[in-house]
Amino acid sequence: MKLNPYLNFDGNAEKAFQFYQSVFGGELFIQKMGSAPGTEGLSEEEKNLAMHVSIPIGDGQFLMASDCIKSQGHTLVNGNNNYISVSPDSREEAERIFNGLSEGGKIEMPLEDMFWGDYFGSFQDKFGTFWMINYANQQPNL
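Residues numbered from 1 in each chain as written. Predicted model: local features only at pLDDT ≥ 70, side-chain atom pairs only at ≥ 80, totals over all residues. Heavy atoms only, no water.

**Q** What should I look at first to understand the side chain of Gln124 in this one?
**A** For Gln124, the location among the structural elements is in strand E7 (residues 118–124). Residue classification places Gln124 among the buried residues on the basis of a relative accessible area of 17%. With residues near it in sequence (within four places) discarded, Gln124 still touches Gly105, Lys106, Thr129 and Phe130. (Helix = DSSP H or I, 4+ residues; strand = E, 2+ residues; numbered from the N terminus. Buried < 20%, exposed > 50% of the residue type's maximum accessible area, 1.4 Å probe, protein only. Contact = heavy atoms within 4.5 Å.)

**Q** Please clarify how the sheet that holds strand E4 (residues 61–67) should be interpreted in this entry.
**A** The strands making up a sheet associate through backbone hydrogen bonding, with each pair oriented either parallel or antiparallel. Strand order in the open sheet formed by four strands is E1-E4-E3-E2, and the pairing between neighbours is mixed. Pairing within the sheet leaves two strands with one partner each, and these edge strands are strand E1 (6–9) and strand E2 (29–32). On average, each strand axis in the sheet is inclined to that of its neighbour by 20°, with strand direction left out of account. As defined by bridge partners, strand E3 (residues 50–58) adjoins E4 across five bridges and the pair is classed as antiparallel. Each residue of the ladder has a partner; that of Ser54, found in E4, is Met64. (Pairing = 2+ DSSP bridges. Axes fitted to C-alpha atoms, helices over the stretch in contact; angles between N-to-C directions.)

**Q** What am I meant to see in the sheet that holds E7 here?
**A** Pairing in this open sheet of four strands is mixed, and the strands run E5-E8-E7-E6 from one edge to the other. In the strand order of this sheet, the two ends are held by strand E5 (84–86) and strand E6 (106–113), each with one partner. In this sheet, adjacent strand axes meet at a mean angle of 15° when their direction is disregarded. The sheet contact formed by E5 and strand E8 (residues 130–136) spans three bridges and is parallel. What sits directly across from Ile84, in E8, is Trp131.

**Q** Before we go on, may I ask you to explain the pattern of salt bridges in this structure?
**A** Here the idea is simple: oppositely charged side chains can pair when their charged atoms come close. The final tally for this structure, using the stated rule, is five salt bridges. Put simply, Arg91 and Asp113 hold a salt bridge, and the shortest N to O gap is 2.8 Å. Taken as a pair, Arg91 in helix H3 (residues 91–102) and Asp113 in strand E6 lie far apart in primary sequence, 22 residues in all. Under the relative-accessibility criterion, Arg91 is labelled partly exposed at 27%. The exposure class of Asp113 is partly exposed, given its relative accessible area of 47%. (Salt bridge = Lys/Arg side-chain N within 4 Å of Asp/Glu carboxyl O.)

**Q** In this structure, what is going on with the nonpolar core? I would like to understand it.
**A** Within soluble globular proteins, side chains that are nonpolar tend to cluster in buried spots. Phe9, Phe17, Tyr20, Leu101 and Trp131 are the most contacted members of the largest nonpolar core, which totals 27 residues. In terms of residue count, helix H1 (residues 13–24) provides more of this core than any other element does, seven residues in total. Leave out the neighbours within four places in its chain, and Phe9 touches Ala16, Phe17, Tyr20, Ala65, Ser66, Asp67, Cys68, Leu76, Phe127 and Thr129. (Core = buried A, V, L, I, M, F, W, Y, C linked by side-chain atoms within 4.5 Å.)

Encoded structure:
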């Protein structure tokens, strides 16, 4: 099973994903609303919104999103009820991802060693998305 987080944005999904790509790398895929059948009635502005945008973030997993279309009754409500939790393979990678994605955002918990043994931090990025970065210092015995 693979888990692919899917985000909604208020007209800036493409910009957000260009930022995310600068941290995670990978090929950016963007499909605009205007390329879909039945979108002839959308304004030019809405036709240029992201219908689907994605970047690879791991082994067969993708971070995906789209923009909300106000004329279709879609509205974005930012909230802290959802986080994207990333589990990097090293402390160095945890620091790189945390520092890159939190730039311009609001840090909730600085990245540091936690009482439960992991290297953890959380923040809201400059696009309103909430993230948790968690590196397991002690790899589990299998």
